[in-house]
Amino acid sequence: MNDHYRTFFGFTKEPFITDIECKEILKTPQLIDVKIRFDYVTRLGALGIVTGEVGSGKSTAIRYALSTLHPSEYRPLYITASSGSIMEFYRQLKDALDIYLKSNSKAVMTKTIKQEIANLVLEKKQKVVLIVDEASLMRLEVFAELHTLCQFEKDRKPWLPIILLGQTSLIDKLTFRSSLPLASRVIAKCHLEGVDLAGMEAYLRHHLSIAGLDRSLFEPQAIIAIHQGSGGLFRKANHLARGGLIAAAAQKLSVVSADHIRLAATEIF
Ligand SMILES: Nc1ncnc2c1ncn2[C@@H]1O[C@H](COP(=O)(O)OP(=O)(O)OP(=O)(O)O)[C@@H](O)[C@H]1O
Ligand SMILES: [Mg+2]
C-alpha cells in the first residue's frame, strides 16, 4: 500500500508505528501500575509478573520502566524467551552479560553467570535486573530451575530481581508444583487489559500527535469501531487506525468514518 495518506493528512512521520521513542510512550494508568511494581521488585530483589493480552502494551510498559533507571547505576538484562531448553536460556543470559564461554556443562554455565552477577553488584556497584519477555513460551524445566539463579550467599542476597512478561498462560505455568520455588518469590503481579473507550480516544490522539497532527481525524463512531474491533488492545488499534486513514485518504475524505475502520478490519487478524 502506498504512503499517499501521509501527505494527504499532513503527517510529519508514519503514524501508529511500533518504533516510538521512550519519551513518546503514553503514560496510561496501566503503564504506571507496571512501573510501580517494577520499582518495588527491583528494590527488593524479588520476582514480578506482567501478563496481558497480545499487543496490550507489556513490552512498551517495561521499556518505559527501564528508561527511568539511571544507566550508570543499573545493568538491565533483557531476554526474549524461547521454547528452548534451560541451556538455551542460560546461553541467552550469558550473551546478555557479555560473557564469552563455550561450555555444555550446566554447572559451569550457572556458576559463571552467577559469578558475573556478583561481580557487577560487588565490584562495579551496579544493580542488576533481569527481564524475560515472552516468558509464557518457556518450558516447565526453565521455570523449575530459574530460582536457583537468584540464590546468592545461601539465598541471603537478593542480587537478581526478575521480571517475567507474557501471556496469561505464564500464570498457569507458575502454578505447576515444579515451578513453586520460583512462584514463591513473586511479590507483585499485574495484568494488562484492553483500555476503555476514553482510554482508546486518548491513545489515538496521542499517536496522531506523535506523527505531527494535533487534531483528531476519527469520527466518534470510528473511535467506537476501533475500540470494539481491537478490544481496547493497542497493536490491533494501531492497524485499524492506520488502515482507516488509508481508506479515507483513498476517497479523499479528511475524516475517518466507522465504515473506513470496518474496511480496514477486513485486512487484519
Ligand atoms: N503506552 C503506550 N504508548 C504508546 N504506544 C503504545 C503504548 N503501549 C503500547 N503501544 C503501542 O502498541 C504496540 C504494541 O505494544 P507492545 O508491543 O508493548 O505489546 P505487548 O503486550 O508486548 O504485545 P505482545 O503480546 O505481542 O508481546 C506498540 O508497538 C506501540 O505502538
Ligand atoms: Mg511484547
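Below is a summary of the structure that appears in this document. (Residues numbered from 1 in each chain as written. Chains lettered and ligands numbered in written order. Predicted model: local features only at pLDDT ≥ 70, side-chain atom pairs only at ≥ 80, totals over all residues. Heavy atoms only, no water.)

Description of the pattern of salt bridges
Now for step 1: For the structure shown, the criterion picks out 13 salt bridges.
Now for step 2: The shortest N-O distance in the salt bridge between D95 and K94 comes to 3.2 Å. (Salt bridge = Lys/Arg side-chain N within 4 Å of Asp/Glu carboxyl O.)

Considerations on the packing of helix α11 (residues 234-250) against helix α12 (residues 258-265)
Now for step 1: Orientation of α11 relative to α12, taken along the N-to-C sense of each, is 115°, at an axis distance of 8 Å. By the criterion of interaxial angle, the relationship of α11 to α12 is roughly perpendicular. Crossing handedness for the pair α11 and α12: right-handed. On α12, the residues that touch L240, G243, G244, A247 and A248 of α11 are H260, I261, L263, A264 and A265.
Now for step 2: When the residues that make up the contact of α11 with α12 are grouped by side-chain class, the tally is seven nonpolar, three polar and no charged. (Axes fitted to C-alpha atoms, helices over the stretch in contact; angles between N-to-C directions. Helix = DSSP H or I, 4+ residues; strand = E, 2+ residues; numbered from the N terminus. Parallel < 35°, antiparallel > 145°, perpendicular 65-115°, else oblique. Left-handed = near helix turned anticlockwise from the far one by under 90°. Contact = heavy atoms within 4.5 Å. Nonpolar A, V, L, I, M, F, W, Y, C, P; charged D, E, K, R; others polar.)

Observations concerning the site of ligand 1
Now for step 1: Lining the immediate environment of ligand 1, one finds 20 residues, of which L26, K58, S59, T60 and R235 sit closest.
Now for step 2: Contacts to ligand 1 include I17, whose backbone N or O atom sits 3.0 Å from an oxygen atom.
Now for step 3: Here S56 contributes a backbone N or O atom positioned 3.2 Å from an oxygen atom of ligand 1.
Now for step 4: For the shell around ligand 1, the secondary structure elements donating two or more residues are α3 (58-67), α9 (197-210) and α11.
Now for step 5: A per-class count over the shell around ligand 1 returns eight nonpolar, eight polar and four charged. (Near = heavy atom within 4 Å. Polar contact = N/O pair within 3.5 Å; in protein donor to acceptor, adjacent residues only side chain to side chain.)

Description of the nonpolar core
Now for step 1: Ranked by internal contacts, the top residues of the largest apolar core, which has 37 residues, are F89, M138 and L164.
Now for step 2: What L164 contacts, discounting residues up to four positions off in sequence, is L47, G48, I49, V50, V132, A135, M138, F143, L146, L170 and L182. (Core = buried A, V, L, I, M, F, W, Y, C linked by side-chain atoms within 4.5 Å. Buried < 20%, exposed > 50% of the residue type's maximum accessible area, 1.4 Å probe, protein only.)

Some remarks on the sheet that holds strand β5 (residues 186-192)
Now for step 1: An order of β2-β3-β4-β1-β5 is seen for the five strands of this open sheet, with the pairing classed as parallel. Each edge of the open sheet is held by one strand with a lone partner, namely β2 (74-80) and β5. The average undirected angle you get between the axes of adjacent strands in this sheet is 15°.
Now for step 2: Relative to strand β4 (residues 162-166), strand β3 (residues 127-133) runs parallel, the two sharing three bridges. (Pairing = 2+ DSSP bridges.)

Some thoughts on helix α4 (residues 86-96)
Now for step 1: Regarding α4, the residues found buried are I86, M87, F89, Y90, L93 and K94. Projected down its long axis, α4 carries its buried residues within an arc of 155°, all on one side.
Now for step 2: Against the buried residues of α4 lie β2, α5 (106-122), β3 and α6 (140-145). (Arc of directions from axis to C-beta.)

Examining unusual backbone geometry
Now for step 1: Phi angles above zero are rare outside glycine, and E153 is one such case at about 50°.
Now for step 2: By the secondary structure assignment, E153 is in the loop between α6 and β4.
Now for step 3: Taking relative accessible area as the criterion, E153 reaches 39% and is therefore assigned partly exposed.
Now for step 4: A positive phi angle is found at K252, which is not glycine, with a value near 55°.

Looking at the pairing of β4
Now for step 1: Burial analysis of β4 places five of its five residues in the buried class, the great majority of the element.
Now for step 2: Of the two faces of β4, both are covered, the one formed by I162, L164 and G166 as well as the one formed by I163 and L165.
Now for step 3: Where strand β1 (residues 47-52) lies against β4, five bridges are found, and the strand directions are parallel. What sits directly across from G48, in β4, is I163.
Now for step 4: You can see the chain leave β3, run along α6 and come back into β4, and the turn it takes is right-handed. (Right-handed = clockwise from strand over helix to strand, strands pointing away.)

With respect to the state of the cysteines
Now for step 1: Evaluated as defined, the whole model comprises zero disulfides.
Now for step 2: Not part of a disulfide, C22 finds its nearest cysteine sulfur in C190, a span of 18 Å.
Now for step 3: Judged by relative accessible area, which is 27%, C22 ranks as partly exposed.
Now for step 4: By relative accessible area, C190 is classed as buried at 12%. (Disulfide = S-S within 2.5 Å.)

So, helix α2 (residues 29-44)
Now for step 1: Compared with an ideal rise of 1.5 Å per residue, which puts 16 residues at 22 Å, α2 spans 23 Å between its outermost C-alpha atoms and is within 8% of the ideal.
Now for step 2: The inward-facing, buried residues of α2 abut β1, α3, β2, β3, β4 and β5.
Now for step 3: G45 lies just past α2 and shows a positive phi near 70°. (Expected span 1.5 Å × (residues − 1).)

Shape is all these values report; function is a separate question.
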